[in-house]
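Remarks on the overall topology
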Amino acid sequence: MGFNDMMVVRDRTRSRTIRHYLMADEEQVIAVRRHPVALWRPVAEVFGSLILAGVLSRWLGAGAASLVVWFAWLFLVGRLMWRVLTWYVEFFIVTERRLMYIQGLIERRVGMIPLKKVTDIKLERPIQGQFLDYGTFIMESAGDDQAFRQVTYMPYPEQLYFEISSMIFPSIDDNPD
């Protein structure tokens, strides 16, 4: 199972989270998780603190202070595991009728914008996003309050941008054939 299989959910029956929020007559068109690079900071914190904990425990020697250092490191490992689990159940879903952003492991937050209400969608790609293939979507809608405005660390940003744009602003074919 590669990163592609982890980010893109092709079959709605595989994910209970997705199935739970789709209406009976609604079909999932796109379902993606955020890019794994969204986890870079907690991963870097765990590895950086591992080095620091090793140096400090060597310097402090065996004792209570060294034990506190390692418990602090275990706390960071636990926080990383929590963030990975949270990332795993977070989805950006596009159906033929709406955009949904599902977040949260225990306290679930589901934001929804009807496709008909979306007036503009913008894609931003920082320099590192161009190398690692992620971007940020910013949606504008006709309503005053939006359930969500932006989604960061979106994988395959150009492809998703074109697919979503074509659903929001379908082309009008003049030729009836």
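The shown structure was predicted, so the numbers you read here are calculated from the model rather than taken from an experiment.

Formed by 18 residues in total, the largest nonpolar core has its most connected members in F92, L99, M139, F148, V151, M154 and I164. For this core, the secondary-structure elements that each account for two or more residues are β1 (28-32), β2 (91-95), β3 (98-103), β5 (118-124), β6 (134-141), β7 (150-155) and α6 (157-168). With three residues, the top contributor of residues to this core is α6. Excluding residues within four positions of it along the chain, M139 makes contact with F92, L99, I113, D120, I121, Q146, F148, R149 and V151. By size, the runner-up hydrophobic cluster in this structure holds seven residues, among which are L22, A31, F91 and I102.

Turning our attention to the pattern of salt bridges. Working definition: two side chains of opposite charge can pair if their charged atoms are close together. A complete count under the given rule lists eight salt bridges for this structure. Ionic pairing is found between R97 and D25, a salt bridge with its closest N-O pair at 2.7 Å. With R97 in the loop between β2 and β3 and D25 in the loop between α2 (16-21) and β1, the pair connects residues that are 72 residues apart, well separated along the chain. Given the relative accessible area of 33%, R97 is considered partly exposed. Across the pair R125 and D133 runs a salt bridge, and its minimum N-O distance is 3.6 Å. Taken together, the shared-partner salt bridges connect R125, D133 and E158 into one network.

Further remarks concern the pairing of β1. Burial within β1 is extensive, with four of its five residues counted as buried. Of the pairings in the sheet, the one linking β1 to β2 comprises four bridges and is antiparallel in character. By the bridge assignment for β2, Q28 is matched with T95.

Attention shifts here to the sheet that holds β2. Spatially, four strands are ordered β1-β2-β3-β4 in an open sheet, and the strand pairing comes out antiparallel. Whereas interior strands pair on both sides, the edge strands pair on one side only; in this sheet they are β1 and β4 (109-114). Adjacent strand axes in the sheet meet at a mean angle of 15°, parallel and antiparallel pairs treated alike. Most of the contacts of α6 go to β1, to which it runs at about 150°, and overall it touches β1, β2 and β3.

Take unusual backbone geometry next. Positive phi values are uncommon outside glycine, yet D133 reaches one of about 65°. Of note, D133 is situated in the loop between α5 (127-132) and β6. On the accessibility criterion, D133 (28% relative accessible area) is partly exposed. Notably, Y156 is not glycine yet its phi reads approximately 45°, a positive angle. Inspection of the secondary structure puts Y156 in the loop between β7 and α6. Note on Y156: relative accessible area 22%, which makes it partly exposed.

Analysis parameters
Residues numbered from 1 in each chain as written. Predicted model: local features only at pLDDT ≥ 70, side-chain atom pairs only at ≥ 80, totals over all residues. Heavy atoms only, no water. Core = buried A, V, L, I, M, F, W, Y, C linked by side-chain atoms within 4.5 Å. Buried < 20%, exposed > 50% of the residue type's maximum accessible area, 1.4 Å probe, protein only. Helix = DSSP H or I, 4+ residues; strand = E, 2+ residues; numbered from the N terminus. Contact = heavy atoms within 4.5 Å. Salt bridge = Lys/Arg side-chain N within 4 Å of Asp/Glu carboxyl O. Pairing = 2+ DSSP bridges. Axes fitted to C-alpha atoms, helices over the stretch in contact; angles between N-to-C directions.

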